[in-house]
Amino acid sequence: MTTDVEDTRTDPPPDGDEAAVLVGFLEFHRATFRRKVAGLDAAQLDQRLAPSAMTLGGMMKHLAYVEDWWLPQVFAGEPETEPWASVDWRADGDWDWHSATHDEPDQLHALLDAAVARSRRVLADALAAPGGLDAPAVHQDRLPGLRLRWVVVHLVEEYCRHNGHADLLREAIDGQVGE
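Along each chain, residue indices are assigned from 1 in the same order as the chain's sequence is written. Residues qualify for local features only when their pLDDT is at least 70, as the model is predicted, and side-chain atom pairs are given and counted only at 80 or more; totals for whole chains, interfaces and linings, by contrast, use all residues. Note that water and hydrogens are dropped before the side-chain values are worked out from all heavy atoms of the structure.

### Description of the overall build of the protein chain
And then number 1: Regarding its fold elements, the protein chain presents 6 helices and 0 strands.
And then number 2: Secondary structure counts use DSSP, requiring at least four H or I residues in a row for a helix and at least two E residues in a row for a strand, with both numbered from the N terminus. Mapped from its N terminus to its C terminus, the protein chain presents α and β elements in the order α-α-α-α-α-α.
And then number 3: The globule rule used here is 2.2 Å times the number of residues to the 0.38 power, and the radius of gyration it is set against is calculated over C-alpha atoms. Its C-alpha atoms give the protein chain a radius of gyration of 17 Å, near enough to 16 Å, the size a compact globule of 179 residues would have.
And then number 4: Each principal axis of the C-alpha distribution contributes one length, and for the protein chain these read about 45 × 45 × 25 Å.
And then number 5: The 179 residues of the protein chain split such that 43% are buried.
And then number 6: Within the protein chain, contacts between residues separated by at least 24 positions form 72% of all contacts whose residues are at least 6 apart in sequence.
And then number 7: Here the positive residues are Lys and Arg and the negative ones are Asp and Glu; neither His nor the chain ends is included. To locate a charge, take NZ of a lysine, CZ of an arginine, CG of an aspartate or CD of a glutamate. For the protein chain, the separation between the mean place of its 16 positive charges and that of its 32 negative charges on side chains is 3 Å. Each residue's exposure class comes from its accessible area (1.4 Å probe, protein chains only) as a fraction of the maximum for that residue type: buried when under 20%, exposed when over 50%, partly exposed otherwise. For this analysis, residues touch if any pair of their heavy atoms sits within 4.5 Å.

As structure tokens, then:
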């Protein structure tokens, strides 16, 4: 069985420059994740596969946080936005994962969409500016020498890892499999 969700992903360009290939893979894996969570209700987004406490809803919220954290905040130095700004991360370092159980599917999709939109804006602006992928992050305290290239590769890595988790969760939920 394959997924019933239409595949509208665009393959990364095989002949693009470095930035085009990296952005292409990031967009491909963002779209892959969106396919994994498409059409699920709140109970399905909160379903676990023992022994893990991971859920697709938690993963959505986590990826929204990752998008907001790495490009807008760490790279560009933009202020933290809600809901992240009000979180007591010391009390629950995995709040993004845990709190999703209280969110409706539309809220989770909107949160991820907004975070990706901010991330895309920062990335497009950075790639159009002098330095491109070699541009340094504003917050060098996170990783000294941190450059845009590392941030983009890290985002690709985040999506790749979580897309693998999402494969297993989605198959357990309704039997749908596929890229």
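### Here's the deal with the nonpolar core
And then number 1: Counting residues in each nonpolar core, the largest one holds 43 residues, and the members touching the most others are F33, L56, M59, W70, L71, F75 and L148.
And then number 2: Contributions of two or more residues to this core are made by α1 (18-37), α3 (56-75), α5 (105-128) and α6 (148-174).
And then number 3: Sorting elements by how many residues they give to this core places α3 first, with 12 residues.
And then number 4: Setting aside residues no more than four positions away along its own chain, M59 makes contact with F33, M54, W97, H162, H165, A166 and L169. Throughout this description, the term nonpolar core refers to a set of buried Ala, Val, Leu, Ile, Met, Phe, Trp, Tyr and Cys residues connected via side-chain atoms within 4.5 Å.

### Let's talk about the packing of α1 against α5
And then number 1: Axes here mean lines fitted to C-alpha atoms, for a helix over just the part in contact, with angles spanning 0 to 180 degrees between N-to-C directions. Following both chains from N to C, one finds α1 and α5 inclined at 175°, their axes separated by 13 Å at the closest point. It follows from the interaxial angle that α1 and α5 lie roughly antiparallel. Counted together, A19, V23, L26, E27, R30, F33, R34 and V37 of α1 and H109, L112, D113, V116, S119, R120, L123 and L127 of α5 form the full contact between these two elements.
And then number 2: Residues were grouped as follows: Ala, Val, Leu, Ile, Met, Phe, Trp, Tyr, Cys and Pro as nonpolar; Asp, Glu, Lys and Arg as charged; and all remaining residues, including Gly, as polar. Here the contact of α1 with α5 is built from residues that sort into 9 nonpolar, 2 polar and 5 charged. Any angle that falls under 35 degrees is termed roughly parallel, while one over 145 is termed roughly antiparallel, one within 65 to 115 roughly perpendicular, and all others oblique.

### Here's the deal with the pattern of salt bridges
Close approach of charged atoms lets side chains of opposite charge pair.
And then number 1: Salt bridge criterion: a side-chain nitrogen from Lys or Arg within 4 Å of a carboxyl oxygen from Asp or Glu. In total, this model carries 16 salt bridges according to the counting rule given.
And then number 2: Here R30 ties to E27 by a salt bridge, and the two come within 2.6 Å at their closest N and O atoms. Of this pair, R30 and E27 both sit in helix α1, separated by 3 residues, roughly a single helical turn.
And then number 3: For K36, the salt bridge identified is with D167, shortest N-O distance 2.2 Å.

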